[in-house]
Amino acid sequence: MKFSVLMSVYAKEDPTCLKDSLQSIFDQTLQADEVVVVKDCPLTPALEEVIGNFERRHTSIKIVALKVNQGLGVALNAGLKACSHEYVARMESDDVSTSTRFEKQVGYITNHPEVDMIGSDI
C-alpha cells in the first residue's frame, strides 16, 4: 500500500522540533512513498535549513510553498491536493513518531478494509 505523509510548517515553529519530527518519519520501519511539507508562509532561515537538509538526503520530499500564512486548515488542504496517494498519514511539525507507527497503521488498514481512518493517542 502506497501512502503519503502530510505536514505543515510555519515561521514560528522550533527548528529542533521540526528536525526531530522529520527524522522520525525517515526512521520508520515502513517508509512513506512521499512526504509532503507545506511551508505556510516564508520560513525562517533555520527552518529552511532543516527542510533543505532533509530534501538533499530524501528524494521523497515534496514541497508546497504558500506565499503568505493561510492557517493550518488551508495549508493542509493545499498539501492534501499535492499528495499522490489515497492514504495520508498526518504529522505535526513537533510530532515524533515511534519507529513502527506506519508499519502498524498500514498493517491494520490492510487487514481491516472497512476502516477509513486511524488515529493514535499521545
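The following paragraphs examine the structure supplied in this document. This one's a predicted model, so the numbers in the text were calculated from it and none came from an experiment.

**Observations regarding the overall build of the chain**
Scanning the chain for helices and strands turns up 4 helices and 4 strands. When the elements of the chain are put in sequence order from the N terminus, they spell out β-α-β-α-β-α-β-α. Scaling as 2.2 N^0.38, a compact globule of 122 residues should have a C-alpha radius of gyration of about 14 Å, and the chain matches this with 14 Å. Seen along its three principal axes, the alpha-carbon backbone of the chain occupies a region of about 45 × 30 × 25 Å. Burial status across the chain gives 39% buried among its 122 residues.

**Concerning the sheet that holds strand 4 (residues 87-90)**
If you trace the 4 strands from one edge of the open sheet to the other, you get 3-2-1-4, paired in parallel fashion. The open sheet has two edge strands with one neighbour each: strand 3 (61-66) and strand 4. If you compare each strand with its neighbour and ignore which way they point, the axes differ by 25° on average. Bridge analysis of strand 1 (residues 3-9) against strand 4 gives 4 bridges, and the strand direction is parallel. Across the sheet, the residue bridging to F3 is Y87, located in strand 4. Contacts from helix 2 (residues 45-57) reach strand 1, strand 2 (34-40) and strand 3 within the one sheet, and its direction differs from that of strand 3 by about 150°. Each of strand 1 and strand 4 is contacted by helix 4 (residues 101-111), which is oriented at about 145° to strand 4, the strand it contacts most.

**As for the pattern of salt bridges**
Evaluated as defined, the whole model comprises 3 salt bridges. Among the salt bridges present, the one from E34 reaches K62, with a minimum N-O distance of 3.2 Å. Highlighted residues: E34 in strand 2 and K62 in strand 3, separated in sequence by 28 residues. In this structure, E48 and K39 form a salt bridge, with 2.7 Å as the shortest nitrogen-oxygen distance. Take K39: its relative accessible area is 12%, and that puts it in the buried class.

**Considering the pairing of strand 3**
Judged from the 6 bridges that link them, strand 2 and strand 3 form a sheet pairing that is parallel. Residue D40 lies in a different strand from strand 3, and its bridge partner there is L66. With helix 2 bridging strand 2 and the parallel strand 3, this β-α-β connection has right-handed handedness.

What counts as what
Residue numbering note: each chain is counted from 1, following its sequence as written. pLDDT decides what is reported in this predicted model: residues at 70 or higher carry local features, side-chain atom pairs at 80 or more are listed and counted, and totals for whole chains, interfaces and linings draw on all residues regardless. Note that the side-chain values use all heavy atoms of the structure and ignore hydrogens as well as water. By definition, any uninterrupted DSSP run of H or I lasting at least four residues is a helix, any uninterrupted run of E lasting at least two residues is a strand, and each is numbered from the N terminus. Computation of the radius of gyration draws on C-alpha atoms, with the globule rule given as 2.2 Å multiplied by the number of residues to the power 0.38. The classification of residues rests on relative accessible area computed with a 1.4 Å probe and restricted to protein chains. Under 20% of the type maximum is buried, over 50% is exposed, and intermediate values are partly exposed. Here, strands pair whenever DSSP counts at least two bridges between them. Throughout, an axis means a line fitted to C-alpha atoms (over the contacting stretch in the case of helices), and angles, computed between N-to-C directions, take values from 0 to 180 degrees. Whether two residues are in contact is decided by their heavy atoms, any of which lying within 4.5 Å being enough. Here, a salt bridge means any side-chain nitrogen of Lys or Arg that lies within 4 Å of a carboxyl oxygen of Asp or Glu. Seen with its strands pointing away from the viewer, a crossover is right-handed when the path leading from the first strand over the helix to the second is clockwise.

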